[in-house]
Amino acid sequence: LGGDLFYAATLAASAPFPSYFATLRGNGARLFGFADAGTCVSTGGGGASPIGCPAWSGILRSSRLAAGLGVSAGTPMGRFEATYAVPLRYGPRDARKSVQFGFGFSFG
């Protein structure tokens, strides 16, 4: 497990709720969509390129991908977020959770 080359990338977009959800829109709730990609690989051993990084095909083969939708809203205590994600590319030992809830606090 682990490695010495890691990357993570996210593409996200958000929008306010449509006007027919007046209460949610008025309270600042937003809809968002996202796509995530990333991996963690070892650069040592066989298959390394002359500069010490694994071949690009190895990095791409080990990459994981997911896409999803969510709702976020600000509350007096912090930000609440609920997301639903679909793993598009995963490994045989990867933990897969589709639904997640989060609560963020702001300090300062």
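Please read these numbers as outputs of a predicted model, since none were measured by experiment.

> I'd love a proper account of the overall build of the chain, names of residues and values included.
In terms of helices and strands, the chain carries 2 helices and 5 strands. In the chain, the succession of α and β elements from N to C terminus is β-α-β-α-β-β-β. Counting every position in the chain, which comprises 108 residues, the buried fraction comes to 19%. Long-range pairs, those at least 24 residues apart, make up 52% of the contacts in the chain with a sequence separation of at least 6.

> Can you tell me about the layout of surface pockets, naming the residues and giving the values?
Within this model, the largest pocket holds a volume of roughly 810 Å³. Around the largest pocket, the lining is made up of 31 residues, and of these Gly-38, Arg-64, Tyr-90, Asp-94 and Ala-95 lie nearest the centre. Breaking the lining of the largest pocket down by element, the ones donating at least two residues are β1 (5–16), β2 (30–41), β3 (64–75), β4 (78–89) and β5 (99–104). Among the elements that take part in the lining of the largest pocket, β4 stands out by supplying 6 residues, more than any other. The class makeup of the residues in the lining of the largest pocket is 14 nonpolar, 9 polar and 8 charged.

> Outline the pattern of salt bridges, listing residues and values.
Applying the stated criterion to the full structure yields 2 salt bridges. A salt bridge links Asp-94 to Arg-64, with the shortest nitrogen-to-oxygen separation between them at 2.5 Å. Of this pair, Asp-94 sits in the loop between β4 and β5 while Arg-64 is found in strand β3, placing the two residues 30 residues apart along the sequence. The salt bridge partner of Glu-81 is Arg-79, with a shortest N-O separation of 2.4 Å. For Glu-81, a relative accessible area of 25% corresponds to the partly exposed category.

> With reference to specific residues and values, describe a nonpolar patch on the surface.
On the surface, a cluster of nonpolar side chains totalling about 1,000 Å² of accessible area is made up of Leu-65, Met-77, Phe-80, Tyr-84, Val-86, Leu-88, Val-99, Phe-101, Phe-103 and Phe-105. Every element with two or more residues in the nonpolar patch is listed here: β4 and β5. Per-element accounting of the nonpolar patch gives the leading share, 4 residues, to β4. Mapped onto the secondary structure, Val-86 falls in strand β4.

Quick notes on the rules
Per chain, residues are indexed from 1 in the order of the written sequence. Predicted model: local features are reported for residues with pLDDT of at least 70 only, side-chain atom pairs are reported and counted for 80 or more only, and whole-chain, interface and lining totals are derived from all residues. Side-chain figures throughout are based on the complete set of non-hydrogen atoms in the structure, without hydrogens or water. What counts as a helix is a DSSP run of H or I of at least four residues, what counts as a strand is a run of E of at least two, and both are numbered from the N terminus. Think of it in three bands: residues with accessible area under 20% of the maximum for their type are buried, residues over 50% are exposed, and the middle band is partly exposed, with areas taken using a 1.4 Å probe on protein chains only. What makes two residues a contact is simply this: any of their non-hydrogen atoms within 4.5 Å. In this analysis the probe radius is 1.4 Å and the grid spacing 1 Å, with only protein atoms considered; a cavity is a set of points the probe fits into but cannot get out of, a pocket is an open set with protein on both sides within 12 Å along at least five of seven lines, and lining residues have an atom within 4 Å of a point. Grid points are joined across faces, edges and corners, and a volume is the space filled by probe spheres set on the points. When residue character is reported, Ala, Val, Leu, Ile, Met, Phe, Trp, Tyr, Cys and Pro are called nonpolar, Asp, Glu, Lys and Arg charged, and the others, Gly included, polar. Just to be clear on terms, a salt bridge is a Lys or Arg side-chain nitrogen sitting within 4 Å of an Asp or Glu carboxyl oxygen. Exposure above 30% relative accessible area and no salt bridge define the residues that can form patches, which grow by joining like charges within 9 Å and nonpolar side chains of Val, Leu, Ile, Met, Phe, Trp and Tyr within 5 Å. Surface exposure here means Shrake-Rupley accessible area, sampled with a 1.4 Å probe, where a residue is shielded only by the protein chains that are shown.

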